[in-house]
Amino acid sequence: MNENEQGVQQPAETQKSSRMRVAIIVGSIVFLCMVSFGFAYYFFIQRSDQGTVNDGGSTDKDVTSGAVTGQGEVPFMTSSKFVFAPFELEETPYVAQVPSYTIAVKELPNLGAFEKATKKAFSAEQKTALEKSYFFIQKNTDRFFGDDPKAISMRTDDWTQLYDEIGGAWDAGGRLPENAVFVSSDYLLHVYHRLLEKEFEYIEQKEFYPRLVTLSQTLLENSITAYNKSNEQDKKESYQRLIAYFLVPTAILESAYEDFSAENFTNTQSDAAERIMANVEKRRASIPERSYNDAKAEITLIMAAKEIQDSPLYGAYRQAQGVAMPEDYTQFGPRSHYNKNAVLRTYFRAMMWYGRQNLLASSPELTRDAMNITLMMQDAQLRKAWDDIYIPTAFFVGESDDLGITEYAGAMEQVFGKNIAFDTVSIAKMQEKMKNYKNPQIMSSVAVGQKVTDMTKEELQNTTKGFRFMGQRFTPDAFVFSTLTQGDEKPDPETGEKLPSMPTALQVMTVLGNDTAQPLTDQWIAQNAPASKNVLAKKMGQLEQHFGALDDKAWTQNIYWSWLYTITSLFRNHENLAGYPMFVQSAQWDKKNLQSALGSWTELKHDTLLYAKQSYAEMGAGFNEETPPPVPKGYVEPNIEFYDRLLALTKMTRTGLESRQLLPNEFVGRTDSFVASVNFFRDIAVKELANQTISDDEFERLRREPAQLNSVIRPLPGEDGTEDQARAALIADVHTDMISGEILYEATGIPNYIYVAVKDANGVRLTKGLVYAYYEFTHPIGERLTDEKWKEWQYANDQTQVSPVPTWTQELVK
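What you see is a predicted model; the values in this text were computed from it and never measured.

Caption draft 1: Region of interest: the packing of helix α23 (residues 640-659) against helix α24 (residues 665-689). Across the interface, α23 lies against α24 with an axial gap of 10 Å and an inter-helix angle of 165°. Here α23 lies roughly antiparallel to α24, going by the angle between them. Classified by chirality, the crossing of α24 by α23 is left-handed. Residue-level inspection shows I640, Y643, D644, L646, L647, T650, K651 and R654 of α23 in contact with α24, the latter providing V668, T671, D672, F674, V675, V678, N679, F681, R682, A685, V686 and L689. When the residues that make up the contact of α23 with α24 are grouped by side-chain class, the tally is twelve nonpolar, three polar and five charged.

Quick look at the structure:
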């Protein structure tokens, strides 16, 4: 450690005001996604040179200013300093020339076969929908799943199983008229999500977890050594805090190390609180008593994951800056795929700790701590270990909008050169220097105090500027939520209105350019935030203008942005689709596509839950006949742009993994299979739009191809598939509203059926496929809802706990 550190006087702590008011809380994690997106590690190809500080501020982000705050311009992250695998889009030529047509129900030759197979006649409402809109969605009430979530199951996934049943017997002799499948964009987006989730899970367990263990243990030992060598009081107090800071994640991670060493990734309970506390206890004799007590207190709150309160370690130092920032410990409850085993749960909690603990730049004590961490991280091996986690996850989710070791190292070099000092004046110079660095763009903290009502949202958000060791990442949708919400801060000076404290995902879709979402957003505002109508219109307009100006390079900078870019290929207006089949030219299909986009976006938020900032407001035997029955003629959703982007996204994933020689052979075959299937579906769609005759062989492959994707998302080698893992429903918390005391959740349920009537050169027929069941609802702050709890509600006979789907989607269900 650098021995130039000098003592610094610690100011007295301020008392909490009895009149504290809750403010916005905008941003936690969400990837990882989840996720840790350990998988992203494989995607990294090359890192560019570090940025240099300039007098204007941001040093490590390539940013574009955008007037989105109403009070000047704020930096908006539109590209990365890292260079990753390219998004190589190959645009498929096609001509849409399907003649206009009408279909009467009596023309559908296989409609009766569907009724016979389901033992239920189509209702008058459903038949009318087929004649007017050429499709309808039917709620899935089939009992196709097992009762015990923990039971070993041959099922891999709801969607692949149901497409297997829709497609019928594998032997051509057993095929039936009702085996005419409809391949939806929903399905392919879902399979992509499951493929990535499996890759993430594998890499987080095998690669990221052990790296994080070693990094945490080394920094803890270095902090203990530095404490013991220090003579000055202020210096010892800083390392005393850092001992607790690194002991918390180290003790948590170590509890699962035996499982990792034994490659035991079953759901053991080795990460129980008692075992974690034992890891703290064994170090008690070698660390300061204050460090021991602070670490125990933090771990108790982390393991309970139920409270929002001051951090035992850092709370007093945050209060001293005038705006208290209690820690939201509910965020430490493992969610997404992190509840599967102890290794993933400990990784989740440790990464959450490193992502959320904020060493405020306004605090001299915490600035000292950040500087000491930065000095320790100048060790080449430690920095490589940090890079090997941060850079890959940046490829998947993006970069942090908080300050970190790169920014502090650059500032310290400019302020001190090689003679770093830690006296009061020197630390004040460092704090002043950090004022020129980027401000956080997403509010990710709870803020309370009398000063809140005297600040604008931007001013309040800027008070959260600080150092985070492995900061959560900026994502464009969380930026939208953060821009469109606030807590008890001052109103907008131009309109005199306050923003609401709760958003809706419809606003994200509107900002990203979905015309169907716009009137639905207006309805939502009228019902839920009428007093914010003008300020929301202002902010929404600014955001739409800004996002609309982004080029393809910005939209394809990493996996997260590229996934969103793929989703936006669904944003098509039915009035501009002449030459397409009639169901696509239906206004109802626009809503179906909006629902598809929201369903896939929900899976994206679920997968990146750990890494992304969350906003606050605060098979079977068949027949063996010589002449098989006529082949059922299915259909593929005809969106060529969608297939092109999905292929580019998938290939981008593979290229990034292979470039680092880190794509396990297990996933090479899976990716190849998925690419081959998407290519096939795209080729069929091109022929459909050209109104060409499709061969019986192609129709036969189409009948079975969706079920073949089961091989893409099968369990990992050595992993026992369970009923719970096969259940596709999932949930993600995306925004915390401290004003109303509620959390906004996005979720998908048991996939619903879609029936689509088509007429082309291949005849008239009824087809059947699957689409998302999408939910958006709020739930009280407390223990955050997990996939396990959501599935329990979704797959129960009594679904009274399940919130109704959004009103605008209900008209699609007949």
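Caption draft 2: Looking closely at the nonpolar core. The biggest cluster of nonpolar side chains holds 225 residues, and the ones touching the most others in it are Y245, Y347, I373, F469 and W601. Not counting chain neighbours up to four residues away, the residues in contact with F469 comprise L215, L219, Y245, Y354, I373, M377 and W386. Ranked by size, the runner-up nonpolar core spans five residues in total, among them L657, L663, F667 and V668.

Caption draft 3: Just the pairing of strand β5 (residues 135-138), in detail. Judged by which residues are buried, β5 turns out to be covered on both faces: F135 and I137 on one side and F136 and Q138 on the other are all buried. One ladder, built from four bridges, connects β5 with strand β15 (residues 752-760); its direction is antiparallel. Bridge pairing in β15 places F135 opposite V756.

Caption draft 4: A look at a negative patch on the surface. Together, E91, D551, D552 and E641 line one region of the surface with negative charge. Secondary-structure assignment places E641 in helix α23.

Caption draft 5: Examining the pattern of salt bridges more closely. Counted under the stated rule, the structure contains 47 salt bridges. For D157, the salt bridge is made with R194, and the minimal N-O distance between the two is 2.4 Å. A residue pair is termed long-range when its members are at least 10 positions apart, and D157 in the loop between β5 and α3 (158-167) and R194 in helix α4 (residues 185-229) qualify at 37 residues. Its salt-bridge partner being E700, residue R175 comes within 3.0 Å of it at the nearest N-O pair. Each of R155, D158, E723 and R727 takes part in one network of salt bridges that share partners.

Caption draft 6: Spatial organisation of the packing of aromatic side chains. This model, assessed by the stated rule, comprises 44 aromatic pairs. Geometrically, the ring pair formed by W159 and Y187 is stacked, given 6.2 Å between the ring centres and 10° between the ring planes. With W159 in helix α3 and Y187 in helix α4, this residue pair connects regions lying 28 residues apart in the sequence. For the pair W159 and Y187, one class covers both residues: buried. An aromatic cluster of at least three residues, connected via ring pairs, comprises Y245, F246, Y314, W353, Y354 and F469. Looking at K236, its charged tip hangs above the ring of Y227, at a distance of 3.9 Å from the centre. The ring of Y753 carries the charged tip of K768 above its face, separated from the ring centre by 4.1 Å.

Caption draft 7: Quick peek at helix α12 (residues 380-396). Here α12 is 17 residues long and its end C-alpha atoms lie 24 Å apart, about the 24 Å a rise of 1.5 Å per residue gives. The element α12 is extensively covered by neighbouring structure, given that 14 of its 17 residues are classed as buried. Backbone nitrogen of Q381 and a side-chain oxygen of the N-cap are separated by 3.0 Å at the start of α12; the cap is D379.

Caption draft 8: Summary view of the environment of D683. Counting through the fold element by element, D683 comes out in helix α24. Take D683: its relative accessible area is 43%, and that puts it in the partly exposed class. Each C-alpha atom of the pair D683 and V636 lies 9.6 Å from the other, and the pair is 47 residues apart in sequence.

Caption draft 9: Broad picture of the side chain of T156. Structurally, T156 is set in the loop between β5 and α3. In this structure the side chain of T156 is engaged in a polar contact, spanning 3.3 Å, whose partner is the side chain of N710. With near-sequence residues (within four places) excluded, T156 lies in contact with R194, N710, I713, R714, P715, Q725 and A726.

Caption draft 10: Main features of the sheet that holds β5. Spatially, the three strands line up as an open sheet ordered β5-β15-β16, and their pairing is antiparallel. Two strands bound the open sheet, and with one partner strand each, they are β5 and β16 (763-771). Here the strands of the sheet are splayed against their neighbours by 20° on average, with no regard to which way each runs. Of the strands in this sheet, β5, β15 and β16 are in contact with helix α2 (residues 124-132), which crosses β5 at around 145°. Each of β15 and β16 touches α3; the most contacted strand, β16, lies at about 160° to it.

Here is what the cut-offs are and how they apply
- Residues numbered from 1 in each chain as written.
- Predicted model: local features only at pLDDT ≥ 70, side-chain atom pairs only at ≥ 80, totals over all residues.
- Heavy atoms only, no water.
- Axes fitted to C-alpha atoms, helices over the stretch in contact; angles between N-to-C directions.
- Helix = DSSP H or I, 4+ residues; strand = E, 2+ residues; numbered from the N terminus.
- Parallel < 35°, antiparallel > 145°, perpendicular 65-115°, else oblique.
- Left-handed = near helix turned anticlockwise from the far one by under 90°.
- Contact = heavy atoms within 4.5 Å.
- Nonpolar A, V, L, I, M, F, W, Y, C, P; charged D, E, K, R; others polar.
- Core = buried A, V, L, I, M, F, W, Y, C linked by side-chain atoms within 4.5 Å.
- Buried < 20%, exposed > 50% of the residue type's maximum accessible area, 1.4 Å probe, protein only.
- Pairing = 2+ DSSP bridges.
- Patch = residues over 30% accessible without salt bridge, like charges linked within 9 Å, V, L, I, M, F, W, Y side chains within 5 Å.
- Areas by Shrake-Rupley, 256 points an atom, 1.4 Å probe, with all protein chains shown as cover.
- Salt bridge = Lys/Arg side-chain N within 4 Å of Asp/Glu carboxyl O.
- Lys, Arg positive; Asp, Glu negative; His and termini not counted.
- Charge placed at Lys NZ, Arg CZ, Asp CG, Glu CD.
- Phe/Tyr/Trp six-rings, centres within 6.5 Å; stacked < 30°, edge-to-face > 60°.
- Lys NZ or Arg CZ within 6 Å of the ring centre and 35° of its normal.
- Expected span 1.5 Å × (residues − 1).
- Polar contact = N/O pair within 3.5 Å; in protein donor to acceptor, adjacent residues only side chain to side chain.

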